[in-house]
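Structural description and commentary
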Amino acid sequence: MPNTTAPASAARTDRETDWRSPTSPHAHDVGLLLLRLVLGLTMAAHGSQKLFGWFGGGGIDGTGAFFTMSGYPAGKAMAVVAGLTEMGGGLGLAVGLLTPLAGAAVVGTMVNALAVTWGGGFFAPKGVEYELLLTAGAAALALTGPGRIAVDRFLPVLRSHRLAYGAAAVVLGLVTAAIILLLRN
């Protein structure tokens, strides 16, 4: 006769730890890791283009000239800020460190990239689909958290992700982006 006094949480724990189960959290964590790595390293590479001229980037001088041409004041300073934000936010997402803030950094930067590329249609080569996808992915990671395969798992405050952390971080990224856009001519 089955034990009917066992708590429902015991059955759920068995199902969650069984990798063959369709509700296994391992798939969720591995999927978030893949998304974090691809999105985060892509953003870090973009930041290195701006800061160091790697991967065919313009470096601070070339990126600064582009920012000036795009209507931002102090183009070189904006290039440094954008490069550091992309690199720091990207690396934070990749390793799952301070994930809500890392996601917010990418969201803020990509909202500005959307503003610069807006008006060229949706599809490449002049469209916004790439920037929109990176923005949405970063916001999604900020809202959902990094999963269990992340450095945040070892930080007491962020060990268990809260939607409020992610939502507040996304709002912070959007407000910061709006302030920067107000500076743009």
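Here's a quick rundown of the structure. (Residues numbered from 1 in each chain as written. Predicted model: local features only at pLDDT ≥ 70, side-chain atom pairs only at ≥ 80, totals over all residues. Heavy atoms only, no water.)

This paragraph deals with the overall build of the chain. Scanning the chain from N- to C-terminus turns up seven helices and zero strands. Element order for the chain, N to C, with α for helix and β for strand: α-α-α-α-α-α-α. Here the chain, with 185 residues, has 36% of them falling under the buried criterion. Pairs at least 24 apart in sequence give 62% of the contacts found in the chain among residues at least 6 apart. Just so you have it, the chain exposes about 10500 Å², and 72% of that area is on carbon and sulfur atoms. (Helix = DSSP H or I, 4+ residues; strand = E, 2+ residues; numbered from the N terminus. Buried < 20%, exposed > 50% of the residue type's maximum accessible area, 1.4 Å probe, protein only. Contact = heavy atoms within 4.5 Å. Areas by Shrake-Rupley, 256 points an atom, 1.4 Å probe, with all protein chains shown as cover.)

Further remarks concern the pattern of salt bridges. Per the counting criterion, the structure on display carries three salt bridges. Ionic pairing is found between Lys 50 and Glu 86, a salt bridge with its closest N-O pair at 3.0 Å. Placement of Lys 50 in helix H2 (residues 25-52) and of Glu 86 in helix H4 (residues 75-95) is noted, with a sequence separation of 36 residues between them. Accessibility expressed as a relative area gives 5% for Glu 86, which makes it buried. (Salt bridge = Lys/Arg side-chain N within 4 Å of Asp/Glu carboxyl O.)

Looking now at the packing of helix H3 (residues 59-69) against H4. Between H3 and H4, whose axes approach to 7 Å, the crossing angle comes to 110°. Between H3 and H4, the crossing angle belongs to the class labelled roughly perpendicular. H4 is crossed by H3, and the crossing has right-handed handedness. Contact with H3, carried on its side by Ile 60, Asp 61, Thr 63, Gly 64, Phe 67 and Thr 68, involves Gly 75, Lys 76, Met 78, Ala 79, Val 80 and Ala 82 of H4 and no other residues of that element. For the contact of H3 with H4, a count of residues per class yields six nonpolar, four polar and two charged. (Axes fitted to C-alpha atoms, helices over the stretch in contact; angles between N-to-C directions. Parallel < 35°, antiparallel > 145°, perpendicular 65-115°, else oblique. Left-handed = near helix turned anticlockwise from the far one by under 90°. Nonpolar A, V, L, I, M, F, W, Y, C, P; charged D, E, K, R; others polar.)

In this section: unusual backbone geometry. A cis geometry characterises the amide bond from Ala 124 onward to Pro 125, with omega recorded as 15°. Within the fold, Pro 125 resides in the loop between helix H5 (99-117) and helix H6 (129-144). In the Ramachandran plot, Phe 55 falls in the positive-phi region, its phi being about 55° despite a non-glycine side chain. Topologically, Phe 55 is positioned in the loop between H2 and H3. With phi around 50°, Ala 74 is a residue other than glycine that occupies positive phi space. On the secondary structure map, Ala 74 appears in the loop between H3 and H4.

This part covers the nonpolar core. Ranked by internal contacts, the top residues of the largest apolar core, which has 14 residues, are Leu 39, Met 43, Leu 93, Val 106, Met 110, Leu 134 and Ala 138. Elements with a minimum of two residues in this core: H2, H5 and H6. Among the elements that line this core, the one with the most residues is H6, at five residues. (Core = buried A, V, L, I, M, F, W, Y, C linked by side-chain atoms within 4.5 Å.)

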